[in-house]
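Descriptive analysis of the structure
Each chain is listed here by its residues.
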Amino acid sequence: AQSVTQLDSHVSVSEGTPVLLRCNYSSSYSPSLFWYVQHPNKGLQLLLKYTSAATLVKGINGFEAEFKKSETSFHLTKPSAHMSDAAEYFCVVSPLLIYNQGGKLIFGQGTELSVKP
Amino acid sequence: DTGVSQDPRHKITKRGQNVTFRCDPISEHNRLYWYRQTLGQGPEFLTYFQNEAQLEKSRLLSDRFSAERPKGSFSTLEIQRTEQGDSAMYLCASSLKVAGDTGELFFGEGSRLTVL
């Protein structure tokens, strides 16, 4: 079975400092991995995705994530936090396509990011 | 606005009543998904359609839940005889299936259900 575990339910950083949101995945096969962001009263928005190409993935708004197979991790980082980054972040796995023709996504429980001025 | 739209955004109902939510996907998208999100949790898959065909249903989708997508465009999710445990945010998403698709879904803002 495929799953993701987000290691922190809440992360607080100061504006201008780095952001690290941690995610570990479990999959018997090579998965596709994503990070989605959810701002209050807004729909979920795709930040970035990994699909077995480059292991370092760059997304929108300066975020990036590195796929590390040996550590089964897909941590999300940003060099310098902005107030507008405050939101809920979800690590998501989509199992190998041949076993998941529907493109179903499996979400982690989320990490709430707070950014202090 | 050409994104996914959901209606109503909020619904408060009494236990035992029926409720229906509507989702209008991005117009060229052939796949439509329903997810449920409870407080403090990530979204959980309920069901999905490809065009008008409902191809997969989660075990979370009890027989009180029914979803339709009659013409392969908008979809409705009906919950009959609502229970307090049905209180949640119901999310709709759509995507365009192409060769080698990687599961990028576009989400609506959700319909929040409160069952009293």
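All residue numbers here refer to positions counted from 1 along the written sequence of the relevant chain. Following the order in which they are written, the chains are lettered starting with A and the ligands numbered starting with 1. Local features in a predicted model are, by the rule used here, given only for residues with pLDDT of at least 70; side-chain atom pairs are given and counted only at 80 or more, and totals for whole chains, interfaces and linings are based on all residues. Hydrogens and water molecules were not included; the side-chain quantities draw on all heavy atoms of the structure.

Quick look at the layout of surface pockets
Cavity and pocket criteria rest on a 1 Å grid covering protein atoms alone: a 1.4 Å probe that fits but cannot get out defines a cavity, protein on both sides within 12 Å along at least 5 of 7 lines defines an open pocket, and an atom within 4 Å of a point defines a lining residue. Grid points are joined across faces, edges and corners, and a volume is the space filled by probe spheres set on the points. What the largest pocket holds in volume is close to 620 Å³. We count a stretch as a helix when DSSP gives it H or I for four or more residues in a row; a strand needs E for two or more, and each element gets its number in order from the N terminus. Secondary structure elements with two or more residues in the lining of the largest pocket: β10 (87–94) and β12 (111–116) of chain A together with β9 (88–95) of chain B. With 3 residues, β10 of chain A is the largest single contributor of residues to the lining of the largest pocket. Gly is placed with the polar residues, together with every amino acid not listed as nonpolar (Ala, Val, Leu, Ile, Met, Phe, Trp, Tyr, Cys and Pro) or charged (Asp, Glu, Lys and Arg). Tallied by class, the residues present in the lining of the largest pocket amount to 8 nonpolar, 13 polar and 7 charged. What lines the second largest pocket is a set of 13 residues, among which P43, E44, F45, S58 and L60 of chain B lie closest to the centre. Among the secondary structure elements, those contributing two or more residues to the lining of the second largest pocket are β11 (106–107) of chain A together with β5 (44–50) of chain B. Taken together, the residues of the lining of the second largest pocket sort by class into 6 nonpolar, 5 polar and 2 charged.

Things to note about the confidence of the model for chain A
On average, chain A scores 89 in pLDDT, and the residues at 70 or more come to 91%. Here β11 of chain A is the element of chain A with the lowest mean pLDDT, 90, and strand β3 (residues 19–21) of chain A is the one with the highest, 98. One number per residue, pLDDT, summarises how confident the predictor is, and it ranges from 0 to 100.

Re the sheet that holds strand β3 (residues 19–24) of chain B
Residue and element names in this part refer to chain B. By the convention used here, strands pair only if DSSP detects at least 2 bridges between them. The 4 strands lie next to each other as β1-β3-β8-β7, forming an open sheet whose pairing is antiparallel. The open sheet has two free edges, formed respectively by β1 (5–7) and β7 (65–68), since each of these has just one partner strand. Taking each pair of neighbouring strands and ignoring which way they run, the sheet shows an average axis angle of 15 degrees. One ladder, built from 3 bridges, connects β1 with β3; its direction is antiparallel. Paired with D7 across the two strands is R22, which belongs to β3. Axis angles are defined between N-to-C directions and span 0 to 180 degrees, where every axis is a line fitted to C-alpha atoms and, for a helix, only to the segment in contact.

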